[in-house]
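The chain contents come next:
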Amino acid sequence: MTIFKNTKAFSSFSVNDMQKAEAFYGQTLGFEVSETEEGLSLNLKGGNEIFIYPKPDHTPATFTVLNFVVDDVDQTVDDLTQLGVHFQIYNEGELKTDEKGIFRGKPKIAWFKDPAGNFLSVLEMK
């Protein structure tokens, strides 16, 4: 079956504070953010979009909701850290990170949270 073969799709997730989300995704991360009656739309490279909606009883996702492919994880982590973003440090398990919060396996990846507590990551696909 090819029901969705030519259908546009998008991802979405909730936050508990739309103003903080708009500032974080628009100003800190530098995305083009469009405000709608229903929430926020992040306009990504390639014409893709992510929809962020308000949810008063929001519970942060316990998994990564967005992965950003970057050329240099170390530089991106340094740049985001200077902007006040805090990276997750994992000291046990298979995905141990270094002091900067970078897992140095394949792929090289670092996780951080948005103001609503949702997990995001930056990763190198080299």
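Our subject is the structure listed above.
Criteria and thresholds
- Residues numbered from 1 in each chain as written.
- Predicted model: local features only at pLDDT ≥ 70, side-chain atom pairs only at ≥ 80, totals over all residues.
- Heavy atoms only, no water.
- Helix = DSSP H or I, 4+ residues; strand = E, 2+ residues; numbered from the N terminus.
- Polar contact = N/O pair within 3.5 Å; in protein donor to acceptor, adjacent residues only side chain to side chain.
- Buried < 20%, exposed > 50% of the residue type's maximum accessible area, 1.4 Å probe, protein only.
- Contact = heavy atoms within 4.5 Å.
- 1 Å grid on protein atoms, 1.4 Å probe; cavity = no way out; pocket = protein on both sides within 12 Å on 5 of 7 lines; lining within 4 Å.
- Points joined across faces, edges and corners; volume = space filled by probe spheres on them.
- Nonpolar A, V, L, I, M, F, W, Y, C, P; charged D, E, K, R; others polar.
- Core = buried A, V, L, I, M, F, W, Y, C linked by side-chain atoms within 4.5 Å.
- Salt bridge = Lys/Arg side-chain N within 4 Å of Asp/Glu carboxyl O.

(A) View of the environment of Asp98. One can find Asp98 in the loop between helix H2 (73-82) and strand E6 (102-104). Among the polar contacts made by the side chain of Asp98, one reaches the main-chain amide nitrogen of Lys100 at a distance of 2.9 Å.

(B) Region of interest: the side chain of His58. Among the structural elements, His58 can be located in the loop between strand E4 (49-54) and strand E5 (64-69). By relative accessible area, which is 11% here, His58 ends up buried. Side-chain polar atoms of His58 contact the side chain of Ser14, separated by 2.7 Å. What His58 contacts, discounting residues up to four positions off in sequence, is Ser14, Val15, Asn16, Ala116 and Asn118.

(C) Up close: the layout of surface pockets. If you add up the space inside the largest pocket, you get close to 260 Å³. Counting residues per element, the ones that place at least two in the lining of the largest pocket are E5 and H2. Of all the elements, E5 adds the most residues to the lining of the largest pocket, at three residues. Looking at the lining of the largest pocket residue by residue, the class counts come to nine nonpolar, four polar and one charged.

(D) Summary view of the nonpolar core. Residues Phe13, Tyr25, Leu66, Phe87, Phe112, Leu120 and Val122 are the most contacted members of the largest nonpolar core, which totals 25 residues. Those elements giving two or more residues to this core turn out to be strand E1 (11-15), helix H1 (18-28), strand E3 (40-43), E4, E5, H2, strand E7 (108-113) and strand E8 (119-124). If near-sequence neighbours (up to four positions away) are discounted, Val122 is found in contact with Phe68, Val70, Val73, Thr76, Val77, Leu80, Phe87, Lys108, Ile109, Ala110 and Phe112.

(E) Just unusual backbone geometry, in detail. For the peptide bond that leads from Lys106 to Pro107, omega is 0°, which places it in the cis range. By secondary structure assignment, the location of Pro107 is in the loop between E6 and E7.

(F) Examining the pattern of salt bridges more closely. Counted by the stated rule, this structure contains seven salt bridges. Two residues, Lys108 and Asp74, come together in a salt bridge whose shortest N-O distance is 3.2 Å. A residue pair is termed long-range when its members are at least 10 positions apart, and Lys108 in strand E7 and Asp74 in helix H2 qualify at 34 residues. Here Asp74 falls in the buried class, since its relative accessible area comes to 19%. Its salt-bridge partner being Lys108, residue Glu124 comes within 3.8 Å of it at the nearest N-O pair. Pair noted here: Glu124 is in strand E8 and Lys108 is in strand E7, with a separation of 16 residues, a long-range link. Classification of Glu124 by relative accessible area gives buried; the value is 9%. Taking relative accessible area as the criterion, Lys108 reaches 22% and is therefore assigned partly exposed. Linked through salt bridges whose partners overlap, the residues forming this network are Asp74, Asp78, Asp98, Lys100, Arg104, Lys108 and Glu124.

Don't take any of this as a statement about function, it's just geometry.
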